[in-house]
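Topology and contacts: notes
Below are the chains, spelled out letter by letter.
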Amino acid sequence: MPNDCRFALVLVQHLSAEHESALVELLSARSGLPVLQATENQTIEPGHVYVIPPNTQITVEAGQLHLQERPADRSQVAPIDHFFASLARWAGSRAIGVVLSGNASDGAGGVRDIKEAGGITIAQRPSTAPHDSMPTAAIATGMVDLVLSPAEIAAHLAELQKHPYLELRRMSEVPADVPSAAQLAEVFTRLRRVSGIDFTHYKAPTVRRRLLRRMALHRVTDVPSYISMLREQPQEVTALSQDLLIQVTRFFREPESFEALAQGVLSQLTAGRAENLPLRVWVPGCATGEEVYSLGMLLLEAVGAHGSPQTLQLFGTDVSESAIERARRGWYPLSIGVDVSPDRLRRFFTRADGGYRVNKSLRDTCTFARHDLTRDPPFSRLDLIVCRNVLIYLDATLQKRLMPVFHYALRTPGYLMLGPTETTTGHHPLFTIADKRWRIYRKAPVEAGLPTGLATDRESSMLPRTLPLGESRRPEPRSVQDEVNRLLLQRFSPPGVIVGPGNEIVEFRGPTGNFLEAPEGDPSLNILKMAREGLLFPLRAVLQLARRRQRPVRKEGVQIRRSGTWSVVDIEAIPLSDEADHQLLVLFQEQSDSVVVRPKMQQKQRRASARQDSDERVAGLARELAASREYLESIIQELEAANEELQSANEEILSSNEELQSTNEELDTAKEELQSTNAELNTLNEELHARNQELGRTNSDLMNLLPALDIVILIIGDDLRIRRFTPLAERLLNLIPGDVGRPLGQINTNLQGEDLEALTRTTINTLASQEREVTDRQGRWYSLRIRPYKNIDNRIDGAVLTFTDMTDSKHQQEQVERLTHHLLAAVAIMGEPAFVLDEAFRVKVANRALVERLSLSADPAGVALDDLAPERWDPSALREALGAAGTAEQISTRPIDIGDMQGKSRVILQAQRFAVGPTKPWLLVVAREAAHGA
């Protein structure tokens, strides 16, 4: 929205009741408008955004926001409907309701309230909504004016705020000359031609206000431009007619009035009523049927309370075909739970398609039909008429004409219920007051009859269809050929008429006064009512045969009477083309010398003439009787054919009913399966939610653990693509974070002479771990270990490569090896006998002096201590000394004898421990001559 916004915007969202909302901060960062959290008694100002607080419901009254705590029952929480209803009551036509993305159907009921108040309703285009349930439910009500994307909504509101319609606070503020009378007449004519409804006698302020409302929706500010739009766009004419009808209703609107109706009227109508006498109710102007179904629920409850079977017939009529279709469908959004009690929802409705569908028991009592209250014949023998909030849109002329219609349609006694602002003023003799508060009236036992001032279909069919709107009929210049054709038709062609499917005369062709005359009573253009004496039955038969055979039918020698004389005429009915909508051209041709004129006669001649007249009359009656018999035979044949068709149709309906019953059973079974599946999905969702949390914790642990390890770790998938690595791997293997997902073979590492891809593939294929030492280009040593990667199902899903830096230990090992080599070389050149033992007490090296002293024939390297020339000396002394010394580094033995080929001598063995790498310490042993006397 622009920063110079003239609107006050209130954002009502479904917020958690347990957590504080950060919505204000989020919106403030995105909008240039001030964003505030709503508070109690806060005065709303243009250009500000107010956000609903958590755990509250918000309303607006007298320009101030009010907060209430949310209902404890979550099924009754509908904060958007609650706010829209209060907005409609306060702002009226200045209210704009916008339904955005969201779950459930909150807002679907509120848009009805705003539409009824004359406001504007907008819904987000479902394809642009992350959650389309709310906008879809609002659109399904038929009360949404515009369906737009969020960006289009903002642009439309920015232009809409400049329209003068939103500045009107009351109906009286609509200028009486906008539009002018001439402009209104053109609008009415165009509406009548497109919709078939005459809005001439609708209240002018209502019509003007609704017309301005349509102009505001299209952002048109002057009436001539809008009338041009009506000329160019027939769909806008239809939309305007639907807007003028104001098809807004709801279940149990004003519940107290329905309670008064149930206790006062319905209880009287159902108590003690004969079973064979159906209870008939008519609801004219029923819109989408909520009021009809509400009455049906009350009647079923009343009949059930008396415990007697009763036939119920409820008729719901409306001039809008689209509204009647929605009423017949019997599907309503979940928001009706606000108006219908839970008990009635369980008894009379079924959850279906994200809403409620009327049950068969209630649906079978209700019949819906398109009906124009101002022109179509009413129902008859009714017990109750409920016509609420219909008369308020009609002017006094129509109201005065409709009261006799209601009186005629009701039984005696019958009841009429009007809206809270409607009365029977001017017709007190026709009705008496039964409940003054709720406008319930009782039919008075007086004779009124059906008024004759109502329009008929014939009148609308006689409207000029060829003239452009707004133009008067002007004489057009005729060519010579047209004038010749006119004279020939007038002079030589027989007179006739064109009749429509209902035998209504559409056009007269020539002088037909000798054959047709105006009937007595109500004016009528029905050709059968206008037929002169003797013409009725032959004419009816000719019309019947021509329609049935679809070819010309001629009847000759028909006697008709006019002005006291009888004439003989020929009748011919000719079907016109299919484009003529089943019309017939009926021609009358009078036979020459057929009129008998009787001069004055003597008495004897007069008696003979009377006998002749009597004979002719009998013959004429015989001919009429034969024509009637012929006509009745054709009617019987048609009835028999129709009966056969009805029988076959009945058989098809029975078959279809069985199929529908089996389908219904299948749907019930499928519904139970879906409910079971839904429960399983809910359980699975909870499990997945828990696993997701666990996975998140595990992922966090890994993100913290891997950087803390002083080891290079590389995880490879079974497709040899990099899956994860530690930060230390970036330097050794030349990796960056973007390398995740790249094949291992594409990585140019710092290692020398190693094919990591081949080694990894071998490990994955053979499931055998590998370990080897590798070096990088800087000469550092690493211990490479490749092990198979197993997933949670214990299946091989890749490999794990670890690189342990062993450069320092490698250098230490090399140093020890060098020192050991030097030591062994020193031992070899010592003059005294010496040798080195490893940790297993095996000789590693012995010098020449020892070999000579022990007279060894070969190098003793690898020989165990106990096997080193045991006949020359006793090694047990050395073992005893080692055991006694424990972990001491230096050991000396007692003097022992050691011999060679020249004799024996006494020596003392001295040993020195020293470490060689990570193994156990080695032992350097030196034989020194013992001191004399030791």
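Residues numbered from 1 in each chain as written. Predicted model: local features only at pLDDT ≥ 70, side-chain atom pairs only at ≥ 80, totals over all residues. Heavy atoms only, no water.

1. Some details on the overall build of the protein chain
Helix and strand counts for the protein chain stand at 25 helices and 35 strands. Put simply, the protein chain has 934 residues, and 41% of those count as buried. Carbon together with sulfur atoms contributes 51% to the accessible area of the protein chain, which is approximately 51,500 Å² in total. (Helix = DSSP H or I, 4+ residues; strand = E, 2+ residues; numbered from the N terminus. Buried < 20%, exposed > 50% of the residue type's maximum accessible area, 1.4 Å probe, protein only. Areas by Shrake-Rupley, 256 points an atom, 1.4 Å probe, with all protein chains shown as cover.)

2. A word on the sheet that holds strand E13 (residues 349-352)
Read from one edge to the other, the open sheet built from three strands follows the order E12-E14-E13, with strand pairing classed as antiparallel. Only two strands of the sheet have a single partner each, and these edge strands are strand E12 (331-333) and E13. Strand-to-strand twist across the sheet, computed as the mean angle between neighbouring axes with direction ignored, equals 35°. Where E13 meets strand E14 (residues 355-358), four bridges bridge the pair, whose relative direction is antiparallel. Note on E14: the bridge partner recorded for Thr 350 is Arg 357. (Pairing = 2+ DSSP bridges. Axes fitted to C-alpha atoms, helices over the stretch in contact; angles between N-to-C directions.)

3. Notes on the sheet that holds strand E17 (residues 410-418)
Taken in spatial order, the seven strands make up an open sheet running E15-E11-E10-E16-E17-E19-E18, and their pairing is mixed. Edge strands, defined here as strands with exactly one partner in the open sheet, are strand E15 (366-370) and strand E18 (431-435). Geometrically, the sheet is characterised by an average inter-axis angle of 20° between neighbouring strands, direction not taken into account. Where strand E10 (residues 279-284) meets strand E11 (residues 312-318), six bridges bridge the pair, whose relative direction is parallel. Bridge assignment links Trp 282 to a residue of E11, and that residue is Phe 315. Helix-sheet contacts for helix H12 (residues 321-329) involve E11 and E15, and the interaxial angle to E15 is about 165°. (Contact = heavy atoms within 4.5 Å.)

4. A few points about the state of the cysteines
One pass over the structure, following the stated rule, counts zero disulfides. With no disulfide of its own, Cys 286 has Cys 366 as its nearest cysteine by sulfur position, at a separation of 9.6 Å. (Disulfide = S-S within 2.5 Å.)

5. Concerning the environment of Gln 591
Inspection of the secondary structure puts Gln 591 in the loop between strand E24 (584-590) and helix H20 (603-708). On a C-alpha basis, the gap between Gln 591 and Asp 570 in space is 7.1 Å, while along the polypeptide they are 21 residues apart. Other than its neighbours up to four places away in sequence, Gln 591 contacts Gly 557, Val 568, Val 569 and Asp 570.

6. Some remarks on the packing of helix H6 (residues 181-195) against helix H9 (residues 234-245)
It is the contact of H6 with H9, at a shortest axis distance of 9 Å, that shows an interaxial angle of 95°. On the basis of the axis angle, H6 is roughly perpendicular to H9. For the pair H6 and H9, the contacting residues are Val 187, Arg 190, Leu 191, Val 194 and Ser 195 in the first and Pro 234, Val 237, Thr 238, Leu 240, Ser 241 and Leu 244 in the second. Looking at the contact of H6 with H9 residue by residue, the classes come out as seven nonpolar, three polar and one charged. (Parallel < 35°, antiparallel > 145°, perpendicular 65-115°, else oblique. Nonpolar A, V, L, I, M, F, W, Y, C, P; charged D, E, K, R; others polar.)

7. Notes on helix H7 (residues 204-217)
Taking 1.5 Å of rise per residue, 14 residues should cover 20 Å, and H7 covers 20 Å from first to last C-alpha, within 8% of that figure. Of all 14 residues in H7, 12 are buried, a share of seventy percent or more. Thr 206, Val 207, Arg 208, Arg 209, Arg 210, Leu 211, Leu 212, Arg 213, Arg 214, Met 215, Ala 216 and Leu 217 are the residues of H7 that are buried. Of the residues one or two after H7, Arg 219 is the one with positive phi, at around 55°. (Expected span 1.5 Å × (residues − 1).)

8. Some thoughts on H12
Considered for burial, the residues of H12 that qualify are Ala 323, Ile 324, Arg 326 and Ala 327. Along H12, the residues classed as buried sweep out an arc of 160° about the axis, all on the same side. At the exit of H12 stands Gly 330, carrying a positive phi of roughly 70°. (Arc of directions from axis to C-beta.)

9. Quick notes on the pattern of salt bridges
Tallied over the entire structure, the rule returns 35 salt bridges. Across the pair Arg 253 and Glu 116 runs a salt bridge, and its minimum N-O distance is 3.2 Å. Separated by 137 residues along the polypeptide, Arg 253 in the loop between H9 and helix H10 (255-270) and Glu 116 in helix H3 (residues 108-116) bring together distant segments of the chain. Judged by relative accessible area, Arg 253 falls into the buried class, the value being 13%. A salt bridge links Asp 364 to Lys 360, with the nearest nitrogen and oxygen atoms 2.8 Å apart. (Salt bridge = Lys/Arg side-chain N within 4 Å of Asp/Glu carboxyl O.)

10. Let's talk about the nonpolar core
Among the nonpolar cores identified, the biggest contains 89 residues, and Ile 385 and Phe 406 are the most heavily contacted of them. Non-local contacts of Phe 406, meaning those with residues more than four positions away in its chain, are made with Trp 282, Pro 284, Leu 373, Ile 385, Cys 387, Leu 416 and Phe 431. (Core = buried A, V, L, I, M, F, W, Y, C linked by side-chain atoms within 4.5 Å.)

11. Remarks on the pairing of strand E5 (residues 56-61)
Across the six residues that make up E5, a large majority, five, are buried. Following E5, the chain reverses through two residues before pairing antiparallel with strand E6 (residues 64-69); Ala 62 in that reversal takes a positive phi of roughly 50°.

12. Points about the environment of Gly 118
Take Gly 118: it is sitting in the loop between H3 and strand E8 (120-124). Considered as a pair, Gly 118 and Gly 92 are 26 residues apart in the sequence and their alpha carbons are 6.2 Å apart. Ignoring sequence-local partners within four residues, the contact set of Gly 118 consists of Gly 92, Ser 93, Tyr 165, Arg 210 and Arg 213.

13. What to know about the pairing of E10
E10 sits mainly inside the fold: six of its six residues count as buried. Burial of the side chains of E10 extends over both faces: Leu 279, Val 281 and Val 283 are buried on one face and Arg 280, Trp 282 and Pro 284 on the other. For E10 and strand E16 (residues 382-387), the ladder comprises two bridges, and the chain directions are parallel. Bridge assignment links Trp 282 to a residue of E16, and that residue is Ile 385.

14. Here's the deal with the confidence of the model for the protein chain
Confidence in the prediction for the protein chain averages 81 pLDDT; 87% of positions are at 70 or higher. Considering each helix and strand of the protein chain separately, the mean pLDDT is smallest for helix H16 (residues 457-461), with a value of 38, and largest for strand E7 (residues 96-99), with 95. For the stretch residues 596-601, pLDDT sits under 50, and the model shows eight contacts to residues farther than four places along the chain or on other chains. (pLDDT = per-residue confidence, 0-100.)

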